[in-house]
Structure formats: structure tokens, C-alpha cells
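Structural features, examined
Residue-level listing of the chains:
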Amino acid sequence: MKRLILALCILLTNSFLAIEAHDLNFGLFELFEDDQTYFMEIRLDKANLVKAVGNDVGTTKEDWNCALSQYLNDRMTLAINGENASLDYTSVEFQKEVIVISAKLNLPNTQIKEISVSNTVLLETIENQTNIIKATFHDKKRSFRLNKDRVSTNIKYEL
């Protein structure tokens, strides 16, 4: 019985240490089409984003929306079929641990053949940050992981 309790204590201790040692710092950037319009939904850790943007933004929702839009625009570029896409941020939702940002891409509807993404969001301030780019077009889901060593990718669709 003592051996069982000792083994259980060791197992629990190792499990807690493993949880502490492997923080999962990632952002999710999901591109999709709805009713012939392109959108991106961005999910980022709230504490990490506040750390990166800074605490002296202001106190109103408009202050934060402006600061977040500027931060994202400075660190992310997106082109579809070689045409640069600007993002019109339509909503910012502050959840308990995550900030969910919705954006509409200002591009005409076209058959998507290639998406080029450059993304350094949170990479300069959060250690081991990974940004996952997901794109769902032509009934094909594609995803790519970006980090400090790889800040851009091209997603190609063969039609």
C-alpha cells in the first residue's frame, strides 16, 4: 500500500511539473468564406495580448479596439491571389481568458488559388508563441503553424 501511495505521489508531482513546464502559447487565425464574403476570426490569449499591446492604452472599449486593430495591422499582412487584403475589424469580444476578434476582408469575391500570410503577432513578446493559420476554402481545410523561425506561409489551392 505504501508503494502504491508513493508511486501515485510521484506520478502526480511529475504531472504538475509537466503542466508548468509546457505553456501552450498560441493564437488561432481562421480564414473562411460566408455568403461570398471573406472573414477572419482571431483568438488570442487575453493576458498575452494585453502584455504585448501595453497597459497604457486607455480605459474605453473604443481605445482598446483601436489599439488592437493597430497592433494587428502592424504585425500581420494578408494577400489573396496576389492582391493585398485589408481587414475591417467588426467585433472584439473579451472573454475570460481569450480575446476573439472578427474581421471582414476587403476583397471582391473570387476563386481563391493562393493565400499569402505574414504574421508576427505576439512573437516578439511571448516566448514559444505559435500562430496557427487555418483556411477553409473549396471544401479543403488547410492549417499552418507560424513561429519566430517561420513568420510567413503561402497556402495554395489547386482547382
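Predicted model, so just to flag it, every value in this text is computed and none were measured. (Residues numbered from 1 in each chain as written. Predicted model: local features only at pLDDT ≥ 70, side-chain atom pairs only at ≥ 80, totals over all residues. Heavy atoms only, no water.)

A few words now on the nonpolar core. Judged by nonpolar contacts, the single largest core of 38 residues is most densely connected at Met40, Ile42, Leu78, Leu105 and Ile115. Not counting residues within four places of it along the chain, the set of residues in contact with Ile42 comprises Leu28, Phe29, Leu72, Met76, Tyr89, Ile99, Val100 and Ile101. (Core = buried A, V, L, I, M, F, W, Y, C linked by side-chain atoms within 4.5 Å. Buried < 20%, exposed > 50% of the residue type's maximum accessible area, 1.4 Å probe, protein only. Contact = heavy atoms within 4.5 Å.)

Let's shift gears to the confidence of the model for the protein chain. On average, residues of the protein chain carry a pLDDT of 85, and 85% of them reach 70 or more. For the protein chain, the element scoring lowest by mean pLDDT is helix α1 (residues 2–21), at 44; strand β7 (residues 114–119) scores highest, at 97. Confidence drops under a pLDDT of 50 for residues 4–22, and excluding neighbours within four residues, the segment shows zero contacts in the predicted structure. (pLDDT = per-residue confidence, 0-100. Helix = DSSP H or I, 4+ residues; strand = E, 2+ residues; numbered from the N terminus.)

Next up on the list: the sheet that holds strand β8 (residues 129–137). Strand order in the open sheet formed by six strands is β5-β6-β2-β1-β8-β9, with mixed pairing between adjacent strands. Pairing within the sheet leaves two strands with one partner each, and these edge strands are β5 (87–94) and β9 (140–146). Averaged over all neighbouring strand pairs, the angle between strand axes comes to 15°, with direction disregarded. Pairing between β5 and strand β6 (residues 98–105): seven bridges, direction antiparallel. Looking across to β6, one finds that Glu93 is bridged to Val100. Along the sheet, helix α2 (residues 46–53) contacts β1 (25–34), β2 (37–45), β5, β6 and β8; its crossing angle with β2, the most-contacted strand, is approximately 90°. The strands touched by helix α3 (residues 61–75) are β2, β5 and β6; relative to β5, the strand with the most contacts, the crossing angle is about 125°. (Pairing = 2+ DSSP bridges. Axes fitted to C-alpha atoms, helices over the stretch in contact; angles between N-to-C directions.)

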